[in-house]
Amino acid sequence: MNNTFQTYQIFFSVEGRRYLAIGKLGVFDFPAGDYVYTGSARKNLGKRIARHLAPEKTCKWHIDYLLTSTWAHVTAVYLWREKECRVNQQTAGAIVAPRFGASDCRAGCGSHLKYLGTSFSDYRDATRRPRNTTSAKPANSTANTGPLPNRT
Ligand SMILES: [Zn+2]
């Protein structure tokens, strides 16, 4: 049994709809809302994550193109002992950039970047409002059903 962390998930939000070239992969339409990228490193997991979070760097991985932009904001980092494809496949979300981060993927993930819609923002905002009892939208919803919550 593997007891060491090998997989990470970087949650980030995109302020408004953006188009961005992701290296040689192509140009993609990134709707406003929340995203999660799932990756792994067998060695130096901490260094890898620190690199991903560094504001300036040479873009090496697909995720670097997003995270070096000024309009993408990292909100959380999760660590997992399970393999990245398993974690990725258990994460509900829509694919907006096929093959993103999945160059080495042999598990048929389609993409290691998943769009969570705006539900994660709603959830986070709801947790700040103790009396809010509205249920979160499904995580795999891609529809923008309303304006983004105001963020201060
Ligand atoms: Zn995969």
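Reading the values: rules and limits
Residues numbered from 1 in each chain as written. Predicted model: local features only at pLDDT ≥ 70, side-chain atom pairs only at ≥ 80, totals over all residues. Helix = DSSP H or I, 4+ residues; strand = E, 2+ residues; numbered from the N terminus. Buried ≥ 20, exposed ≤ 12 C-beta atoms within 10 Å, placed from the backbone. Contact = placed C-beta atoms within 7 Å. Pairing = 2+ DSSP bridges. Axes fitted to C-alpha atoms, helices over the stretch in contact; angles between N-to-C directions. Core = buried A, V, L, I, M, F, W, Y, C linked by C-beta atoms within 7 Å. pLDDT = per-residue confidence, 0-100.

1. Considerations on the overall build of the chain
Right, so step 1: Scanning the chain from N- to C-terminus turns up four helices and six strands.
Right, so step 2: In the chain, the order of α-helices and β-strands from amino to carboxyl end is β-β-β-β-α-α-β-α-β-α.
Right, so step 3: Among the 152 residues that make up the chain, the fraction classed as buried is 28%.
Right, so step 4: Contacts in the chain between residues far apart in sequence, at least 24 positions, make up 63% of those at least 6 positions apart.

2. Points about the sheet that holds strand 5 (residues 72-80)
The pairing of strands in a sheet comes from backbone hydrogen bonds and takes either a parallel or an antiparallel form.
Right, so step 1: Pairing in this open sheet of four strands is antiparallel, and the strands run 5-1-4-6 from one edge to the other. The sheet is open, and its two borders are formed by strand 5 and strand 6 (113-117), each paired with just one other strand. Across this sheet, the average inter-strand angle for adjacent strands is 20°, counted without regard to direction.
Right, so step 2: Two strands pair when backbone bridges link them, and strand 1 (residues 7-14) and strand 5 are joined in this way by eight bridges, in the antiparallel orientation. Bridge assignment links Tyr8 to a residue of strand 5, and that residue is Leu79.

3. A short note on the nonpolar core
Right, so step 1: In this structure, Ile10, Tyr35, Val36, Tyr37, Ile63, Phe100 and Leu113 are the most contacted members of the largest nonpolar core, which totals 18 residues.
Right, so step 2: Put simply, the parts of the chain that give this core at least two residues each are strand 1, strand 4 (33-40), helix 2 (62-67) and strand 6.
Right, so step 3: Residues in contact with Phe100, not counting those within four places in the same chain, are Ile22, Leu25, His62, Ser111, His112 and Leu113.

4. So, the confidence of the model for the chain
Right, so step 1: For the chain, the average pLDDT comes to 84, and 76% of its residues sit at 70 or higher.
Right, so step 2: Across the chain, the element-wise mean pLDDT spans from 53 in helix 4 (residues 119-128) up to 97 in helix 3 (residues 84-89).
Right, so step 3: Contacts of residues 131-137 to residues separated by more than four positions or lying in other chains number eight contacts, the stretch itself having pLDDT below 50.
Right, so step 4: Contacts for the low-pLDDT stretch residues 140-144, under 50 throughout, to residues beyond four places or in other chains number 10 contacts.

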